[in-house]
Each structure stands twice: as C-alpha cells, then as structure tokens.
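Inside the fold
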There are 2 protein chains.
Amino acid sequence: MDDTRWLSAADQDVWRTFVTMLGALGEHMDRQLQRDSSMPYTYYEILVVLSAAPGRALRMSELAGLRGSSRSRLSHAVARLEAQGWVERRECPTDKRGSIAVLTDAGFAALAAAAPGHVNTVREAVFDRLTPEQVTALGAISAAILDGIDPDKTLPGCRELR
Amino acid sequence: MDDTRWLSAADQDVWRTFVTMLGALGEHMDRQLQRDSSMPYTYYEILVVLSAAPGRALRMSELAGLRGSSRSRLSHAVARLEAQGWVERRECPTDKRGSIAVLTDAGFAALAAAAPGHVNTVREAVFDRLTPEQVTALGAISAAILDGIDPDKTLPGCRELR
DNA sequence: GCAAGCCGATTGAGAGTTCAACTAGTAGGC
DNA sequence: GCCTACTAGTTGAACTCTCAATCGGCTTGC
C-alpha cells in the first residue's frame, strides 16, 4: 500500500494554508459581488471578457475557451444573463450551428457599476497585503501550476512570467 | 466616478493568471477525487479533519470552524456522508442542542483509499512544479491573504510562516 | 451527392452551496 | 421561576455546476 510519496510536514502546512486561502478568497470575492452587484463571480468574469472583445461580442466556444469554462456551464450562465437583459444571443452568420453572445448596454452598465467595488476588494484582499516581490512570485507560481494542469489554459500575456 | 484606484497592468496580469489558476486547480482536484473516489473535495476534507480528531469525532460547529465552512453547508454535507455510511451523527451528552459527527470505519477506509491518489495529484500539480523557494513563498503569501480576509480563519500551525 | 463522423451548442437531471427561516435548547437578569 | 436573548443545528427553496444525452449543422471521403 505504500509506494505513495507523501508530503513533508512543511509541505503539508503550506498546502493546508494554501487550500484554506483558496476557499476563503473565492468565497470572499463571490460574496462581495453577490452582495453589491447581485451577480456571482463567474458571471462577472463573463461580462469582463465580453466587454473587452471587439464589438463586445464572442462566439460561445471562444468565450468558453477564454474563461476556461465548459460549454455547458457557459450555456446555462448566458441563458441566465440573457434573462437579466445583460447579454443577447445572436445567430452566427458564417456557421448556423454557432451562436454569438453580445453584451448589451445594460450589461455594460452593470459591469461598470460592479467594477470599482470588485477591484477594491481585490486590492484590499491581495495586492495591498503583499510586497512587490511576493506579487511577482505569485504570478510565477500561478503560471507554473497552471502550466502543469493544462498548458492550453495559460492565458496570453502571462508568458513573460515563466 | 473615479476615485477608484485601479490595478497596474502588471498587477492585472498577475491577477488574471492567479484567478485562472485558482479555478483550474480547484476543478482539477475536484475532478480527480470525484473520478477516483466518488467524493467531492469538500467531503474529502471533512473526512480528513474528522480522522485527525480525538475519537474521530467532532461537534458540528467545531467541524465547521475547522473547515471554514458554513453550518448549513456542513449540515447538508454530513447528511450526505451519513447516507453513504461514512459518518454517523450522535447526540451531544452535555448540550442537547448539539450533535456530534463521528467517522465510521467505512468512512476511514474510504479516506485511506482516496488519500494516495489525492496526495499524488497535489504533488504533481503543485509541489513538483515549484522550487523550494516558491513553496515557502506560497505559504507566506497564502497566510498573508488569509489573514486579511478573516484572521480567525488562519489555521494553527501556519503562524510561523507569517 | 450522400453517408459517417465530427463539432457547436443546448438541455435536463442530479449534486452541492447559499440564504433565510425555523426548531429546540441554553443562559442571564430579575 | 420565568422571560428574553442567544446559540446549535436543521430544513427548504433558489441557484450554479457537472455530466451525459441530444439535436442540428458542417465536412470529409468516396
């Protein structure tokens, strides 16, 4: 039963702290957005990606790829966002299977309203608490871990950190 | 509208990489446990905490505190674990309101079966990909962030990292 | 030009989480 | 003793996510 390489005590400590932080931070961000802007964090991210896209529009699969989200999840999410009037779905002219998600003006306004509070929370919870060296290290560590899980998921613009 | 202190471009990059890693890693760990041991990561953690407790038993609220989980979530989770025969609920002798979750032998066995694969995944995804310096840095960074969100949630045994 | 297979997207069921009641038991003040 | 306030834990509804199945549209080979 024991060809398993267990973690050292020090590594275990780091892991427990890391995992606890992971959970707490995720919950913290989610709660802030839900409370102040009535949207879960994942939906906020969808709006962000859409707002940065040309014409504020993206094919569903592109959106899923950029967000690292499954098609199914995105489909459910966009359905919800559409019901709220923040996103619209249009047919893709070149491929009749495809559909295109477009950020509405209301969606953009909701995003603009949510962004300051969100950025504030991020700064207070993370960047204000770390030294510049730690921030750099965090970027490199994140990129290294991400790379190991799925190289395709690494975002452009992060390569210089490796 | 703009007394918001936005993030620098470099910080934004770090944030995006970090958040993506956060999501991908969580999903990765969850998927492995679900696939190999048919339990979500959060349930695994509950079993771990219980197994380390004296008598493999804990009051619900203590368990919730140690896991950084809400009472409601834990209640649902333990109900599920009880239905699977991995945990039992007993009355608390000193406080009739309370209930005590006890890890059953079957639960311990399930945990023992799940642990090697889980530890392997953790090592491959995280520790094997980082230098010793990065591991140390990750511990310190995690502790710093955790501290800012809720000081009470910091686990014992992590203090020396700060 | 058409069959077989592939791809984009959606759907429905099942599982986990959250939030807001709600129940039942404890503790403090008088 | 008893009234109020507080605490432990549970419950149900609403919501999000996952997984597997599905459906229609593309595309390749012949």
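The rules behind each value
Residues numbered from 1 in each chain as written. Chains lettered and ligands numbered in written order. Predicted model: local features only at pLDDT ≥ 70, side-chain atom pairs only at ≥ 80, totals over all residues. Heavy atoms only, no water. Helix = DSSP H or I, 4+ residues; strand = E, 2+ residues; numbered from the N terminus. Buried < 20%, exposed > 50% of the residue type's maximum accessible area, 1.4 Å probe, protein only. Polar contact = N/O pair within 3.5 Å; in protein donor to acceptor, adjacent residues only side chain to side chain. Domains from an automatic or database assignment. Pairing = 2+ DSSP bridges. Axes fitted to C-alpha atoms, helices over the stretch in contact; angles between N-to-C directions. Contact = heavy atoms within 4.5 Å. Buried area = accessible area lost by both parts, 1.4 Å probe. Salt bridge = Lys/Arg side-chain N within 4 Å of Asp/Glu carboxyl O. Near = heavy atom within 4 Å. Nonpolar A, V, L, I, M, F, W, Y, C, P; charged D, E, K, R; others polar. Least-squares fit on C-alpha atoms with pLDDT ≥ 70 in both. Core = buried A, V, L, I, M, F, W, Y, C linked by side-chain atoms within 4.5 Å. Expected span 1.5 Å × (residues − 1). Arc of directions from axis to C-beta.

Residue and element names in this part refer to chain B. Following the sequence through the fold, Asp-95 ends up in the loop between strand 2 (87–91) and strand 3 (99–103). Its relative accessible area of 18% is what places Asp-95 among the buried residues. One polar contact links Asp-95 to Arg-97, side chain to side chain, over a distance of 2.8 Å.

With that settled, consider the domain arrangement of chain A. Splitting chain A by domain gives domain 1 (23–122) and domain 2 (130–162). Using C-alpha coordinates to define each centre, domain 1 of chain A is positioned 23 Å away from domain 2 of chain A.

Before going further, it helps to spend a moment on the sheet that holds strand 1 (residues 57–59) of chain B. Residues and elements named next belong to chain B. With antiparallel pairing, 3 strands are arranged side by side in an open sheet as 1-3-2. The outermost strands of the open sheet, each flanked by one partner alone, are strand 1 and strand 2. The average undirected angle you get between the axes of adjacent strands in this sheet is 30°. Sheet topology places strand 2 next to strand 3; 5 bridges connect them, and they run antiparallel. In the strand pairing of strand 3, Val-87 is matched with Leu-103. Sitting on the sheet, helix 2 (residues 41–52) touches strand 1, strand 2 and strand 3, and the angle it makes with strand 3 is about 95°.

Our next topic: the sheet that holds strand 2 (residues 87–91) of chain A. Residues and elements named next belong to chain A. With respect to topology, 3 strands assemble into an open sheet ordered 1-3-2, the strand pairing being antiparallel. On the outer flanks of this sheet lie strand 1 (57–59) and strand 2, each paired with one strand and no other. The average undirected angle you get between the axes of adjacent strands in this sheet is 30°. Across the sheet, helix 2 (residues 41–52) is in contact with strand 1, strand 2 and strand 3 (99–103); its angle to strand 3 comes to roughly 95°. Strands strand 1, strand 2 and strand 3 of the sheet are contacted by helix 3 (residues 60–67), whose axis makes an angle of about 95° with strand 1.

Next up on the list: the interface of chain A and chain B. Counting residues at the interface gives 58 residues for chain A, matched by 58 residues for chain B. Both faces considered, chain A and chain B share a buried interface measuring about 5,700 Å² in area, 72% of it formed by carbon and sulfur atoms. Counting across the chain A and chain B interface gives 4 salt bridges. Among the salt bridges present, the one from Asp128(A) reaches Arg5(B), with a minimum N-O distance of 3.6 Å. Here chain A and chain B share 4 residue pairs in polar contact (both at pLDDT 80 or more) between them.

Before going further, it helps to spend a moment on the protein's contact with DNA strand C. Close to DNA strand C lie 23 residues, the nearest being Ser61(A), Ser75(A), Arg89(A), Ser72(B) and Arg80(B). Ser61(A) is positioned such that a nitrogen or oxygen atom in its backbone is 2.7 Å from a phosphate oxygen of DNA strand C. Within the side chain of Arg73(B), an N or O atom sits 2.9 Å from a phosphate oxygen of DNA strand C. Broken down by secondary-structure element, the contributors of at least two residues to the surface near DNA strand C are helix 3 and helix 4 (71–83) of chain A together with helix 2 and helix 4 (71–83) of chain B. For the surface near DNA strand C, the class distribution of residues is 3 nonpolar, 10 polar and 10 charged.

Mapping chain A onto chain B leaves a residual RMSD of 0.1 Å; the transformation is a rotation of 180° accompanied by 0.0 Å of translation along its axis. What the superposition gives is, in effect, a two-fold axis relating one chain to the other.

On to the nonpolar core, then. Grouped together as the largest cluster of nonpolar side chains are 98 residues, with contacts concentrated most on Trp15(A), Leu25(A), Val126(A), Trp15(B), Leu25(B) and Val126(B). The residues that make up this core include at least three from each of domain 1 (23–122) and domain 2 (130–162) of chain A. Aside from chain neighbours lying at most four places away, what touches Trp15(A) is Met29(B), Tyr41(B), His118(B), Val122(B), Val126(B) and Phe127(B).

Residue and element names in this part refer to chain A. When the terminal C-alpha atoms of helix 4 are compared, their 18 Å separation across 13 residues agrees well with the 18 Å that a helix rising 1.5 Å per residue should span. All of the buried residues along helix 4 are Leu-74, Ala-77, Val-78 and Leu-81. Around the axis of helix 4, the buried residues are gathered within 100° of arc, so they sit on the same side. Facing away from the buried side of helix 4, by more than 90 degrees, are the exposed residues His-76 and Ala-83. Buried-residue contacts for helix 4 involve helix 2, helix 3 and strand 2. Trailing helix 4 by a residue or two, Gly-85 shows a phi angle of about 80°, which is positive.

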